[in-house]
Amino acid sequence: MKILDRFDVIVVGGGAAGMMAAISAAEYGASCALVEKNGRLGKKLLITGKGRCNLTNNCDRDTLITNVCRNPRFLYSAFSGFDSADTMAFFERHGVPLKTERGNRVFPQSDRSRDVLTALERALRETGVTVITGTVSAVCIADGAVSGVRLRGGGELHAHKVILATGGVSYPATGSTGDGYRFAEVFGHHIVPPRPALVPVECPGCTELMGLSLRNTGLRLLRDGAEVYRDMGELLFTHFGLSGPMILSATSHMGAPGSYLFELDLKPALDQKQLDARVLRDFSEMPNRQFKNSLQKLLPAKLIPEVVRRSGIDPDKAVNAVTREERAALVSVLKKLTFSFERFRPIAEAIVTSGGVDVREVSAKTMESKLISGLYFAGELLDVDAYTGGFNLQIAFSTGVLAGHSAAMA
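A few points on the structure. (Residues numbered from 1 in each chain as written. Predicted model: local features only at pLDDT ≥ 70, side-chain atom pairs only at ≥ 80, totals over all residues. Heavy atoms only, no water.)

### A look at the overall build of the chain
- The secondary structure content of the chain amounts to twelve helices and 23 strands.
- Here the C-alpha coordinates of the chain stretch approximately 85 × 40 × 35 Å along the principal axes.
- Looking at the chain residue by residue over its 410 residues, the buried ones come to 55%.
- Here the contacts in the chain between residues at least 6 apart in sequence split such that 72% fall between residues at least 24 apart.
- Per element, the accessible surface of the chain, about 17,400 Å² overall, is 50% carbon and sulfur.
- Taken as two groups, the 48 positive and 43 negative side-chain charges of the chain have centres that lie 3 Å from each other. (Helix = DSSP H or I, 4+ residues; strand = E, 2+ residues; numbered from the N terminus. Buried < 20%, exposed > 50% of the residue type's maximum accessible area, 1.4 Å probe, protein only. Contact = heavy atoms within 4.5 Å. Areas by Shrake-Rupley, 256 points an atom, 1.4 Å probe, with all protein chains shown as cover. Lys, Arg positive; Asp, Glu negative; His and termini not counted. Charge placed at Lys NZ, Arg CZ, Asp CG, Glu CD.)

### Section: the nonpolar core
- Counting 87 residues, the largest nonpolar core has Ile 10 and Phe 91 as the members making the most contacts within it.
- Every residue in contact with Phe 91, bar those within four places of it in the chain, is listed here: Met 20, Leu 55, Val 96, Leu 98, Val 116, Ala 119, Leu 120 and Phe 397.
- Formed by 41 residues, the second largest nonpolar core is a distinct cluster that contains Leu 221, Phe 262, Leu 264 and Val 279. (Core = buried A, V, L, I, M, F, W, Y, C linked by side-chain atoms within 4.5 Å.)

### Re the packing of helix α1 (residues 16-27) against helix α12 (residues 391-409)
- Two elements in contact, α1 and α12, have axes separated by 7 Å at closest approach and are oriented at 35 degrees. The handedness of the crossing between α1 and α12 is right-handed. Across from Ala 16, Ala 17, Met 20, Ala 21, Ser 24 and Ala 25 in α1, the residues of α12 making contact are Leu 393, Ala 396, Phe 397, Gly 400, Val 401, Gly 404, His 405 and Ala 408.
- Residue composition of the contact of α1 with α12, grouped by class: ten nonpolar, four polar and no charged. (Axes fitted to C-alpha atoms, helices over the stretch in contact; angles between N-to-C directions. Left-handed = near helix turned anticlockwise from the far one by under 90°. Nonpolar A, V, L, I, M, F, W, Y, C, P; charged D, E, K, R; others polar.)

Right, here's the structure in full:
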């Protein structure tokens, strides 16, 4: 079979983790090839943060760790070697001025994900990485160690170090189709079954609320009546159910089987007694108004019919006739507006994939396989994922840097 070329390190996958791995390996003196099956690099990176690219979170290492949902300890070395401050310094050094927004989310000042990708492509050129467009069909081994990769259509690239950074299975249109899982399984690696993470959910009874966005709303996620997650922030009602940052983060806590319920607190700044006083004050200002027309100061217009229905109060009843018990029912709805979980949206719509290569079979200090010499992993392919807010891209950058450095120096 024709040998196309030889390198010290080959990186498979041209996403955030793969590009950073290639840059890192080249910076440490390795000749490096980056193989990407798409016609361009970073397709998924371009759509992150709704095209603005929330590239990291401006926080310390310990906060990074606490925002990782699966296998946070595995990332200790990766974050220690390359944390959010290092990510910010890297992009500003490569011509991308940054800004920090609510929740310490970091974006390019331009609000253009294209600028982040351009910086990575520039760094690839400056470090001499060879970018190859092609599809890897197999990772080759010789004498029990990695020897290169085979390309679809014929030909091989030879190297004694191969880094797999092929992503998970979310957003398959960007090229994340689970190739890395298959490569890893060939060498005996166990794959934790992929499932959607940071994904919208389908809930009955949301159709009439479609398009409504709520801010500063409290959330409790209950499984079989027990709280498993609590948050406060933004959510969005869709034609199928619930979405938005707070809901996406909640789905990372929904791996265990059970009956799930989303409980919304529409007025988290007020306890029940204070909220009752607020309702009573509003009622006193319009004593003869019908109940269904009395909540405009308290709620968005689209939400009022749903709250009225759930309160059980006659919509046409004058508010001066609403009893204390009925007011208590209204307050209860406002503090505990519940929606039953039906199912996740398809994994293709998930921001990230939960599951992947079992990290117990990967060295946390180097990202090298414990089963096959010369094989490394980086990014979403690994069984690690985090909340929204830039944490998942930071995982990609940190594991990419560590894998690239380790492969170059081994």
